[in-house]
Amino acid sequence: MTEPLILQVRARAGIDDVRQALTDPKALNLWLGEHSNVDLPATFEFWGRYIPEGDAPHQRVLGYDGQTLKLAWTLDGEETTTEIALTAESDDATLIQLTQSHFDFADAISRASIRGVLQTFWSLALANLVDHLEGRALTTRPDFTSAEFTGEALIDAPVAQVYESLTTSEKASAWFGYPVGIEPHAGGRFAMGGFDAGPGATVVGVVDGQSMSVDWGDAGISTWELAESDGKTRLTFVMSGFDEGNPPYAAWLGWLSGVAALRRFNEQKDWQSIWVA
């Protein structure tokens with residue numbers, strides 16, 4: 001039995017505002033699912049193309065007391081448990097803790113079960129929840145009905161600054177919240193966990209100041225490109241070259257949640273990670 005996945009973020013919003021974003025269907029449809037149905041304490045459902053196995057709602061409420069919501073969520077034939085707990089840190093800061101059972105990192109690598117997406121799925125959802133609460137543009141959500149992985153984001157920062165944060169190990173490690181080793185040239189290494197963690201992926205193409213492509217093996221090739229847009233940076237990104245019969249959704253969601261962090265890192269002068277250890 002695997003240990004539960006625990007993720008924590010801090011939102012610059014009061015607990016009442018966070019509770020509203022968590023329980024109002026209109027808000028949920030912005031940061032979580034395509035569709036939702038909420039009538040607590042009896043019903044909390046979300047489904048649609050942005051949700052794994054989102055053909056229909058597969059959740060039922062196990063408990064709700066106004067600060068903690070506990071759900072049963074059936075994925076790949078297994079009933080998992082999801083818990084979202086809110087803690088007021090001040091009048092304008094709230095800690096949001098997400099606990100999820102039945103996540104095994106091996107499934108994220110092998111793609112043997114859709115439950116392998118749970119870590120990166122919730123990472124993106126929580127990042128979008130915080131941005132929704134703080135009045136920021138949200139990051140592209142995945143489409144679990146499609147094997148076409150493309151997205152874009154407008155970053156309120158110069159191209160040179162964004163490029164440096166994507167290609168410099170120290171800066172990439174800061175916004176990603178995990179050691180990243182980058183050799184930004186064709187044939188260079190892109191090592192999650194840092195260079196000491198192993199050989200990592202391979203950089204297969206670079207246009208200095210503009211774009212980079214990385215070969216991740218079975219997970220395909222990720223490519224990002226930057227372009228100037230009225231003083232801001234338009235980031236476009238794509239993953240390709242994978243088995244479209246079993247797409248690497250966990251990796252794609254990791255890219256998307258990374259874009260949310262990249263935007264915050266480059267746009268906020270008083271940047272602090274939303275993630276709490």
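For the structure itself, consult the block above.
Residues numbered from 1 in each chain as written. Predicted model: local features only at pLDDT ≥ 70, side-chain atom pairs only at ≥ 80, totals over all residues. Heavy atoms only, no water.

### Notes on the packing of helix 4 (residues 118–133) against helix 7 (residues 249–267)
Item 1. Between helix 4 and helix 7, whose axes approach to 8 Å, the crossing angle comes to 30 degrees. Regarding the angle of helix 4 to helix 7, the classification is roughly parallel. Classified by chirality, the crossing of helix 7 by helix 4 is left-handed. Note on element contacts: helix 7 touches helix 4 through Ala-250, Leu-253, Gly-254, Leu-256, Ser-257, Ala-260, Arg-263 and Arg-264, opposite Thr-120, Phe-121, Ser-123, Leu-124, Ala-127, Val-130 and Asp-131.
Item 2. Across the contact of helix 4 with helix 7, the residue classes break down as eight nonpolar, four polar and three charged. (Axes fitted to C-alpha atoms, helices over the stretch in contact; angles between N-to-C directions. Helix = DSSP H or I, 4+ residues; strand = E, 2+ residues; numbered from the N terminus. Parallel < 35°, antiparallel > 145°, perpendicular 65-115°, else oblique. Left-handed = near helix turned anticlockwise from the far one by under 90°. Contact = heavy atoms within 4.5 Å. Nonpolar A, V, L, I, M, F, W, Y, C, P; charged D, E, K, R; others polar.)

### Remarks on the pairing of strand 8 (residues 149–155)
On a regular strand, each side chain points to the face opposite its neighbour's, so the side chains alternate between the two faces of the sheet.
Item 1. Across the two faces of strand 8 the burial differs, with Phe-149, Gly-151, Ala-153 and Ile-155 buried and Thr-150, Glu-152 and Leu-154 not buried at all.
Item 2. Pairing between strand 8 and strand 14 (residues 232–240): seven bridges, direction antiparallel. From the neighbouring strand, Ala-153 faces strand 14, where its bridge partner is Leu-235. (Buried < 20%, exposed > 50% of the residue type's maximum accessible area, 1.4 Å probe, protein only. Pairing = 2+ DSSP bridges.)

### Remarks on helix 4
Item 1. Taking 1.5 Å per residue as the helical rise, helix 4 with its 16 residues ought to reach 22 Å, and the 22 Å between its terminal C-alpha atoms agrees with that figure.
Item 2. Counting buried residues in helix 4 gives 14 out of 16 residues, a clear majority hidden from the surface.
Item 3. Directly beyond the C-terminal end of helix 4, a positive phi value near 75 degrees is found at Gly-135. (Expected span 1.5 Å × (residues − 1).)

### Quick look at the pairing of strand 3 (residues 43–47)
Item 1. Bridging between strand 2 (residues 35–39) and strand 3 involves five bridges; their strand directions are antiparallel. Bridging from a neighbouring strand, Asp-39 pairs with Thr-43 of strand 3.
Item 2. The antiparallel pairing of strand 2 with strand 3 creates a hairpin that spans three residues between the two strands.

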